[in-house]
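A look at the structure
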Amino acid sequence: MTNATKTPELDAVVLGAGFSGLYMLYRMRELLGMSVQVYEAGDGVGGTWYWNRYPGARCDSESYMYCFSFDKQLMQEWEWTGKYPEQPEILKYLNHVADRFDLRRNIQFNTRVTAAHYDEANNLWHVETDKGDKVTARYFITGIGCLSSGQIPDIKGRDTFEGDAYHTGSWPHEGVDFTGKRVGIIGTGSSGVQAIPVIAKQAGHLYVFQRTPQYTIPARHGTVDKAFLDDVKSRYDEIWEKARWSAGGLPVEPSEQSALAVNDEERRAVYEKAWEEGGFKFLYGTFGDIAVDRRANDTASEFIRSKIREIVKDPETAEKLVPTDHPFSSKRPLIDTDYFDTYNRENVTLVDIRHSPIEEITPKGIKTEDEEYELDIIVFATGFDAMTGTYNRIDIRGRGGERLKDKWADGPKAYLGLASAGFPNMFMITGPGSPSVLSNMPVSIEQHVEWTSDLLEYSRERDIATIEADAEAEAEWVAHVNDIAQATLFPLADSWYLGANIPGKPRVFMPYAGGVNLYREKCIEVASEGYTGFVLERGKATAEAAGVR
Ligand code: NAP
């Protein structure tokens, strides 16, 4: 890219108009008075909630915590209707936020950033889009989400299918009518487990192609209780503070008891209660060692297995649904509505593709080793090239023209998941190496946006022109992220956390598993010590006058 100019046209280019991009824009424009251009690929705000419109899509965090906390009035005025927020409601909320804070005027929709190159001579970023825009900015900030590049497996004959095919992560806005249709769905992760019960109610027949059985806990979804919400609103500050200093970004009371410290009867009673109450409490609120101690975990895993056998009437189908090859919560924990019950329906067939793998997709449907299933519609609930996929699709180049993609070829390298050495003045909101996907996202997003904008303010006050992660600090952080993951049960599953779902992707645990609380503490410490682990360089003119570099 050419056209180097000495002064950037903008203070910042921000990618994405989801939770991250919207708040970054608000913060930089309203609090720092900076000029910001947001580019968004969709034709509206919402990020992940703009794209993931599949039937049953909703968030697993309770609605009162799946929102922004930066504006007290906004928190008081918004009325959630569902216990868990459904996709249309979250999208409505984010549209409301965009309107309320007049954010759209700095967002260019239907525009994808294709390249961002750092210009060392002028200390600015050249950014290009697929619409032909070419702009320069001091800061390049990504709010591109962790799960934004959909993955459709390269199954033989994939493009020969004559029916309709959809990926859950880029669902048609007008919806899909499954009435009376023969539908095949591949994938039983969060998206599949939510979509399957809803599609089953409409479809003529639904075939679920399952590779790995899943542990899933009932959500016990319903409308949100008004009295509960009123109480939350009267204590919102206290509740959010608790979430900010919790491990998962939720105001839950984590259990400190070991699952091995109680007898079988007591343990079963604890699990039963959590199962009845539903949601993530089963993971956080039952016993404190489920996610780290294999023997403790076995008790939870076995309890869920017993529930599957209890719910699913056909013993053969039940056995196919029972997970045995990984411990509970080593893959992303799931919560569902009527998932296992759905297999009691006459119009639902479970196809175990672990034992009879898909050989090919044919013009008529899906052919496994044993049988060909004729279908009108195929739904790919097959996940995402998580955490790094979207970065790799943008031509990002730092010092000396180094490509981020090349630097990350063996796994992502970022200090605090916020910045990468060799890429000055580039910041990642919930980048790899931060708690992100292991937490309630809005809590982590707000922390990243606020921390980054504080750093920008600090730099402006001191005439610091270049902010760059130090390579040594980055290497130490990446090693630390890995060490923490090794102390958990996460490495025992083939999950997207590890890149295991993408053929050829390096097997590296990408998010920070130490908890939102410890991570926040570290970020505060870094800032209070003058941003240790970052190299801060002053602007040329000031530096020359002061005789420093
Ligand atoms: P996912 O968790 O990666 O699940 C993908 C599913 O597709 C898995 O069952 C996987 O099987 C299967 N699959 C992938 N490639 C396959 C192949 N070649 N052949 C057969 N099966 C294949 O993706 P997701 O369900 O879209 O969820 C991704 C993440 O998004 C979630 O973990 C969560 O963080 C987020 N999400 C959240 C919500 C929510 O808040 N409720 C909803 C949706 C998504 P294997 O397990 O064998 O790999």
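Residues numbered from 1 in each chain as written. Predicted model: local features only at pLDDT ≥ 70, side-chain atom pairs only at ≥ 80, totals over all residues. Heavy atoms only, no water.

**A closer look at the overall build of the protein chain**
A tally of helices and strands in the protein chain yields 17 helices and 20 strands. Against the 2.2 N^0.38 benchmark of 24 Å for 549 residues, the protein chain shows a C-alpha radius of gyration of 24 Å, consistent with a compact globule. Along the first, second and third principal axes, the C-alpha atoms of the protein chain reach 80 × 55 × 45 Å. Residues counted as buried form 58% of the 549 residues belonging to the protein chain. Counting only contacts in the protein chain whose residues sit at least 6 apart along the sequence, the fraction spanning at least 24 positions is 73%. (Helix = DSSP H or I, 4+ residues; strand = E, 2+ residues; numbered from the N terminus. Rg over C-alpha atoms; globule rule 2.2 N^0.38 Å. Buried < 20%, exposed > 50% of the residue type's maximum accessible area, 1.4 Å probe, protein only. Contact = heavy atoms within 4.5 Å.)

**Quick notes on the layout of surface pockets**
Each pocket or cavity is described by its volume, and for the second largest pocket that value is around 530 Å³. The set of elements that each furnish at least two residues to the lining of the second largest pocket consists of α6 (226-234), α7 (236-244) and α9 (281-284). Class assignment for the residues of the lining of the second largest pocket results in 11 nonpolar, four polar and 10 charged. (1 Å grid on protein atoms, 1.4 Å probe; cavity = no way out; pocket = protein on both sides within 12 Å on 5 of 7 lines; lining within 4 Å. Points joined across faces, edges and corners; volume = space filled by probe spheres on them. Nonpolar A, V, L, I, M, F, W, Y, C, P; charged D, E, K, R; others polar.)

**What about the packing of aromatic side chains?**
Enumeration over the complete set of coordinates arrives at 47 aromatic pairs. An angle of 40 degrees between the planes, with centres 5.2 Å apart, marks the rings of Trp80 and Tyr93 as tilted. One end of the pair, Trp80, is in the loop between α3 (72-77) and α4 (87-100); the other, Tyr93, is in helix α4, and 13 residues separate them in sequence. Comparing Trp80 with Tyr93, the two get one shared label, buried. A ring pair is formed by Tyr207 and Tyr373, whose centres lie 5.2 Å apart and whose planes are at 55 degrees; its orientation type is tilted. Here the residue Tyr207 occupies a position in strand β9 (residues 205-210), and Tyr373 occupies one in strand β15 (residues 372-374), the gap between them amounting to 166 residues. You can call Tyr373 buried: its relative accessible area is 11%. (Phe/Tyr/Trp six-rings, centres within 6.5 Å; stacked < 30°, edge-to-face > 60°.)

**A few points about helix α5 (residues 190-202)**
Its maximal kink placed at Ile196, α5 deviates by approximately 30 degrees, while the proline Pro197 follows within four residues. Taken together, the buried positions of α5 are Ser191, Gly192, Val193, Gln194, Ala195, Ile196, Pro197, Ile199 and Ala200. The secondary structure elements touched by the buried residues of α5 are β8 (182-186), β9, β10 (216-218), β11 (334-336), β12 (348-352) and β16 (377-380). (Bend = angle between axes of the 7 residues up to and from the residue.)

**Details of the environment of Asp102**
Secondary-structure assignment places Asp102 in the loop between α4 and β3 (107-108). Look at Asp102 and you get partly exposed, because its relative accessible area is 38%. C-alpha separation for the pair Asp102 and Gly204, spaced 102 residues apart in sequence, amounts to 45 Å.

**Side note on the sheet that holds strand β14 (residues 365-368)**
Reading across the sheet, the three strands line up as β13-β14-β15 and stay open at both edges, with antiparallel pairing between neighbours. Two strands in the sheet have a free side with no partner beyond their single neighbour: β13 (358-361) and β15. The mean inter-strand angle of the sheet, taken between neighbouring strand axes irrespective of direction, is 20 degrees. Pairing of β13 with β14, which is carried by three bridges, proceeds in the antiparallel orientation. (Pairing = 2+ DSSP bridges. Axes fitted to C-alpha atoms, helices over the stretch in contact; angles between N-to-C directions.)

**Considerations on empty space enclosed by the protein**
Enumeration over the complete set of coordinates arrives at three cavities of 30 Å³ or more. In this structure, the largest cavity encloses a volume near 50 Å³. In terms of lining residues, the largest cavity is bounded by Cys67, Phe68, Leu74, Met75, Trp78, Trp80, Tyr93, Lys233 and Tyr236. Counted by class, the lining of the largest cavity contains eight nonpolar, no polar and one charged residues. By volume, the second largest cavity is sized at about 40 Å³. Along the walls of the second largest cavity sit Gln214, Tyr215, His326, Pro327, Phe328, Ser329, Lys331, Arg332 and Pro333, which together make up its complete lining.

**So, the environment of Thr142**
By the secondary structure assignment, Thr142 is in strand β6 (residues 134-142). Each C-alpha atom, one on Thr142 and one on Gly431, is 8.5 Å from the other, the two residues being 289 residues apart in sequence. Not counting residues up to four positions away in its chain, the partners in contact with Thr142 are Leu15, Tyr391, Met426, Phe427, Met428 and Ile429.

**Regarding the pattern of salt bridges**
Summed over all chains, the structure comprises 41 salt bridges. Between Arg332 and Asp60 there is a salt bridge, with its nearest N and O atoms 2.7 Å apart. Placement of the pair is Arg332 in the loop between α11 (315-321) and β11 and Asp60 in the loop between α2 (48-51) and α3, with a sequence separation of 272 residues. Here Asp60 falls in the buried class, since its relative accessible area comes to 9%. One salt bridge in this structure joins Lys281 and Glu277, with 2.9 Å as the shortest N-O distance. (Salt bridge = Lys/Arg side-chain N within 4 Å of Asp/Glu carboxyl O.)

**Points about the sheet that holds β8**
A sheet is described by the order of its strands in space; here five strands give the open sequence β7-β16-β8-β9-β12, paired in parallel fashion. One side of each edge strand has no neighbouring strand; the edge strands of this open sheet are β7 (164-167) and β12. In this sheet, neighbouring strand axes are inclined to one another by 20 degrees on average, regardless of whether the strands run parallel or antiparallel. Where β8 meets β9, five bridges bridge the pair, whose relative direction is parallel. Counted as the bridge partner of Val183 is Leu206 from β9. Across the sheet, α5 lies against β8, β9, β12 and β16, angled at about 170 degrees from β8, the strand it touches most.

**Observations concerning the packing of helix α14 (residues 441-461) against helix α16 (residues 516-528)**
Contact geometry for α14 and α16: axes closest at 12 Å, N-to-C directions at 5 degrees. By the angle between their directions, the pair α14 and α16 is classed as roughly parallel. Contacts between α14 and α16 involve Val443, Ser444, Gln447, His448 and Trp451 on the former and, on the latter, Val516, Tyr519, Arg520, Cys523, Ile524, Val526 and Ala527. (Parallel < 35°, antiparallel > 145°, perpendicular 65-115°, else oblique.)

**Details of the state of the cysteines**
Going through the model one piece at a time under the given rule, you end up with zero disulfides. The closest cysteine sulfur to the non-disulfide-bonded Cys67 is located on Cys59, 10 Å from its own sulfur. Cys146 supplies the cysteine sulfur nearest to Cys523, a cysteine that is in no disulfide, at a spacing of 15 Å. (Disulfide = S-S within 2.5 Å.)

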